[in-house]
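Examination of the molecular architecture
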Number of protein chains: 2
Amino acid sequence: MNKLLIVGTVAFDAIETPFGQTDKILGGAATYISLSASKFGIKSGIVSVVGGDFPKEYFEKLNAKNINTDGIEIIEDGKTFFWKGKYHNDLNTRDTLITDLNVLADFNPVVPEEFKDTDFLMLGNLHPAVQMSVIQQIPVRPKLVVLDTMNFWMDNTLDELMEVIAKIDVITINDEEARQLSGEYSLVKAAQKIQKMGPKYVVIKKGEHGALLFNDGKVFFAPALPLEEVFDPTGAGDTFAGGFIGYIAKSGDISFENMKRAVISGSNLASFCVEKFGTERMENLTYDEIQKRLLQFKLLTQFDIELT
Amino acid sequence: MNKLLIVGTVAFDAIETPFGQTDKILGGAATYISLSASKFGIKSGIVSVVGGDFPKEYFEKLNAKNINTDGIEIIEDGKTFFWKGKYHNDLNTRDTLITDLNVLADFNPVVPEEFKDTDFLMLGNLHPAVQMSVIQQIPVRPKLVVLDTMNFWMDNTLDELMEVIAKIDVITINDEEARQLSGEYSLVKAAQKIQKMGPKYVVIKKGEHGALLFNDGKVFFAPALPLEEVFDPTGAGDTFAGGFIGYIAKSGDISFENMKRAVISGSNLASFCVEKFGTERMENLTYDEIQKRLLQFKLLTQFDIELT
């Protein structure tokens, strides 16, 4: 059974959408990534930090999915990272109302002994210095290192981010971030430039418009599943990343052909995430449901045309 | 050899993009549709109107592609429809600077005898009263009637448009127009509602984000080809429609399976159209080039994943 180590935030989220709102609920990049990856029967662990206010039952939820939480430091007199956001009517844009870093402000990640030989490493969206620290604590390079990041780090900690980007295999960012990072409007050109920064594989997430996978001169596209209702997009990008790395970790196969399946898997998992508020759908989602929906992705994309 | 009748504008366009600008060049929906469909070795004809200022060499260009122009009325003392537009830096949005309807203002379409038994009918974007007149001039219903329209007709002539929509088989519109026509934000729900208005098949064009084909409970997605450079998006939607109906007219097959191939074909043709200003790329595009690029669409979308 392959090991997957995930670094990222574990947080409280408060979410407003046109369909309702939540109080503080379980959130964070590492939470969504790990819940998504946990569907693939691998051994995963989280490196993160929370405050004394973080409920024990949340740890139990994660542990019940075979997600190791020994690497989640608890600062008893601190408070857990809190994010509050409000989505606009189209659900494609949102305003951040509150970002309380709290214990995340001084986070020094510690990789548990048990995960120092991890086969796969997923660096969730977080300060690049934290991501770099985790890379440096792993003595033997994992088979594949995947980075997710965002425009905030490009704006504020670009030098540190570029050092991390130079050390990874796969980067997942959205289309606007790819443009910002590369200075290129065309996503094809953006991916070419980003590949020269380090990662051989560039995954550009386009939300409801799907995701592109670039490697060398090759490109593959995974659509998002057209849905009747999108309830809450929170965590969809992290869930995509979890479905991507989870699929790869299960198979152990890092070929381009398998990465194609992995981006379909990411898109598949993300399509469930948005069906309910927060982590709700991901918590009760079964492997059987995931496999069934794969058929919809096949029907959506596969065609038989004669090449002459 | 199947016959395809195309009704739509034949026009002068003046285009400004970040890469340059043109004087008055050949444009119009019927022009792009017919050039695109002409790649499929069918017998096509245009119903339209131009002024005495329309150059003979443009007719010759079309005729050289086996496009019959007998249905293009020439109003000798009138002027050809003229559109001038300027694209913004991202090429996704544009401002219309000039729209001179000219001879189009009082257009009474006349279907040539030779096309009254047309196998396929493509109603390009135009006043719905003109589209309806063409439908009514064809005594035996064609195998497939495809309609392209836009928000302008929804805003200004909705009742007439709805009468046309009730009589057609396939509608092609963009995502915002699908939302406007249906009052639904979700494209899945929008397509369901639009199918109840008449057309069994709904094609929703999303520009650089590809196109969705809906029929009954089924959905298929054709991506746009990720391109290094988009030079001029003018006519891409019409070229898509031409590649769609041209493919179907060549094969004579109106099954859902074949319509999947047809939307891929439309997306394929559109990917060429945007490579040069105006109709330039479509004029010299060969069938061999089209077939070669189909392989890129296969590589872009096809994956082999085990369904358990």
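Note that the structure is a prediction, hence the values are computed from the model and not measured.

We now examine the overall build of chain A. Secondary structure assignment for chain A yields 11 helices and 14 strands. A globule of 308 residues ought to have a C-alpha radius of gyration of about 19 Å, and chain A, at 18 Å, matches this closely. Evaluated residue by residue, chain A yields a buried proportion of 60% over its 308 residues. Long-range contacts, defined as pairs at least 24 residues apart, comprise 65% of the intrachain contacts of chain A with a sequence gap of at least 6. When the accessible area of chain A is evaluated, it comes to approximately 12,200 Å², of which 49% is carbon and sulfur surface. Between the averaged position of the 31 positive side-chain charges in chain A and that of its 43 negative side-chain charges there is a distance of 5 Å.

All names here are of chain A. Position of E177 relative to the elements: it lies in helix α6 (residues 175-182). Lacking a salt bridge, the buried E177 has K205 as its closest oppositely charged neighbour, with an N-O distance of 5.7 Å. For E177, the residues in contact, after removing those within four places along its chain, are T149, M150, N151 and M154.

This part covers the nonpolar core. Core analysis: the biggest nonpolar cluster contains 217 residues, and A:L123 and B:L123 have the highest contact counts within it. Once you skip the residues sitting within four places of it in the chain, B:L123 turns out to touch B:V7, B:Q131, B:V134, B:I135, B:V145, B:V146, B:L147, B:D148, B:V164 and B:I168.

All names here are of chain B. Here 7 bridges tie strand β5 (residues 43-51) to strand β6 (residues 67-75), and the two strands are oriented parallel to one another. Looking across to β6, one finds that G51 is bridged to I75. Regarding topology, helix α2 (residues 56-63) serves as the crossover connection from β5 to the parallel β6, and that connection is right-handed.

As a further point, take the interface of chain A and chain B. On the side of chain B, 39 residues touch chain A, which itself brings 39 residues to the contact. Among the residues of chain A in contact with chain B, A:E228, A:F303 and A:I305 are the three that bury the most area, contributing 18% of the side total. Counting across the interface, chain A meets chain B through 2 salt bridges. Note that B:K189 is salt-bridged to A:E229, the shortest N-O span being 3.1 Å. Remark: the boundary between chain A and chain B carries 20 residue pairs in polar contact (both at pLDDT 80 or more). Of all elements in the fold, only α7 (187-197), β14 (218-222), α9 (256-273) and α11 (287-301) of chain A reach the threshold of two or more residues within the side of chain A that touches chain B. Here the side of chain A that touches chain B gets 8 residues from one element, more than from any other, and that element is α11(A). Looking at the side of chain A that touches chain B residue by residue, the classes come out as 19 nonpolar, 8 polar and 12 charged.

So, on to the packing of aromatic side chains. Under the defined criterion, the tally for this structure stands at 21 aromatic pairs over all chains. Between B:F231 and B:F277, the ring centres sit 5.0 Å apart and the planes meet at 80°, which makes this aromatic pair edge-to-face. Taken together, the residues span a long stretch of sequence, with B:F231 in the loop between β14 (218-222) and α8 (236-251) and B:F277 in the loop between α9 (256-273) and α10 (280-284) at a distance of 46 residues. Judged by its relative accessible area of 26%, B:F231 falls in the partly exposed class. On the basis of relative accessible area, B:F277 is assigned to the buried category, the value being 14%. Three or more aromatic residues joined by ring pairs make a cluster, and in this case those are A:F12, A:F54, A:Y58 and A:F59. Its guanidinium or amino end placed over the ring of A:F256, A:K218 lies 5.0 Å from that ring's centre, counting from NZ or CZ. The cationic tip of A:R293 hangs over the ring face of A:F272; the distance from NZ or CZ to the ring centre is 3.7 Å.

What follows concerns the packing of helix α3 (residues 128-136) of chain A against helix α5 (residues 158-165) of chain A. All names here are of chain A. Taken N-terminus to C-terminus, the directions of α3 and α5 make an angle of 30°; their axes are 8 Å apart at the nearest point. Taken together, α3 and α5 sit at an angle that is classed as roughly parallel. Relative to α5, α3 is oriented so that their crossing is left-handed. For the pair formed by α3 and α5, the contact residues are P128, A129, Q131, M132 and I135 on the first element and E160, L161, E163 and V164 on the second. Here the residues of the contact of α3 with α5 sort into 6 nonpolar, 1 polar and 2 charged.

Across all of its chains, the model carries 29 salt bridges over all chains by this definition. Among the ionic pairs, B:R281 bridges to B:E289, the shortest N-O distance being 2.9 Å. Bridged by salt links that share partners, the residues A:E275, A:R281, A:E289 and A:R293 form one connected network.

Residue and element names in this part refer to chain B. Two numbers describe how α8 lies on α9: the axes approach to 7 Å, and their chain directions differ by 140°. Considering the angle they form, α8 stands oblique to α9. For the element pair α8 and α9, the recorded crossing hand is right-handed. Between α8, through A236, T239, F240, G243, F244, Y247, I248 and S251, and α9, the contact on the second element is made entirely by N258, M259, R261, A262, V263, S265, G266, S267, L269, A270 and C273. For the contact of α8 with α9, a count of residues per class yields 11 nonpolar, 7 polar and 1 charged.

To continue, consider the relation of the copies chain A and chain B. Once chain A is rotated about the relating axis by 180° and shifted along it by 0.0 Å, it coincides with chain B to within an RMSD of 0.0 Å. Both copies are brought into coincidence by an operation consistent with a two-fold rotation axis. Most of the interface of chain A is mirrored in chain B, where 100% of its interface residues again form contacts.

Residues and elements named next belong to chain B. Extensive coverage of strand β12 (residues 201-205) is indicated by the burial of 5 of its 5 residues. Burial along β12 is two-sided: Y201, V203 and K205 and V202 and I204, pointing in opposite directions, are all buried. Here strand β11 (residues 170-174) runs beside β12; their pairing, made up of 5 bridges, is parallel. Looking across to β12, one finds that I171 is bridged to V202. In this structure, β12 lies alongside strand β13 (residues 211-215), joined through 5 bridges in antiparallel fashion.

Here the phi dihedral of A:N102 falls at roughly 50°; this positive angle occurs in a residue that is not glycine. Structurally, A:N102 can be placed in the loop between β8 (94-100) and β9 (120-123). Residue A:N102 is classed as partly exposed on the basis of its relative accessible area of 30%. Even without glycine at this site, B:L91 takes up a positive phi of about 65°. Structurally, the position occupied by B:L91 is in the loop between β7 (82-87) and β8 (94-100).

About the thresholds
- Residues numbered from 1 in each chain as written.
- Chains lettered and ligands numbered in written order.
- Predicted model: local features only at pLDDT ≥ 70, side-chain atom pairs only at ≥ 80, totals over all residues.
- Heavy atoms only, no water.
- Helix = DSSP H or I, 4+ residues; strand = E, 2+ residues; numbered from the N terminus.
- Rg over C-alpha atoms; globule rule 2.2 N^0.38 Å.
- Buried < 20%, exposed > 50% of the residue type's maximum accessible area, 1.4 Å probe, protein only.
- Contact = heavy atoms within 4.5 Å.
- Areas by Shrake-Rupley, 256 points an atom, 1.4 Å probe, with all protein chains shown as cover.
- Lys, Arg positive; Asp, Glu negative; His and termini not counted.
- Charge placed at Lys NZ, Arg CZ, Asp CG, Glu CD.
- Salt bridge = Lys/Arg side-chain N within 4 Å of Asp/Glu carboxyl O.
- Core = buried A, V, L, I, M, F, W, Y, C linked by side-chain atoms within 4.5 Å.
- Pairing = 2+ DSSP bridges.
- Right-handed = clockwise from strand over helix to strand, strands pointing away.
- Buried area = accessible area lost by both parts, 1.4 Å probe.
- Polar contact = N/O pair within 3.5 Å; in protein donor to acceptor, adjacent residues only side chain to side chain.
- Nonpolar A, V, L, I, M, F, W, Y, C, P; charged D, E, K, R; others polar.
- Phe/Tyr/Trp six-rings, centres within 6.5 Å; stacked < 30°, edge-to-face > 60°.
- Lys NZ or Arg CZ within 6 Å of the ring centre and 35° of its normal.
- Axes fitted to C-alpha atoms, helices over the stretch in contact; angles between N-to-C directions.
- Parallel < 35°, antiparallel > 145°, perpendicular 65-115°, else oblique.
- Left-handed = near helix turned anticlockwise from the far one by under 90°.
- Least-squares fit on C-alpha atoms with pLDDT ≥ 70 in both.

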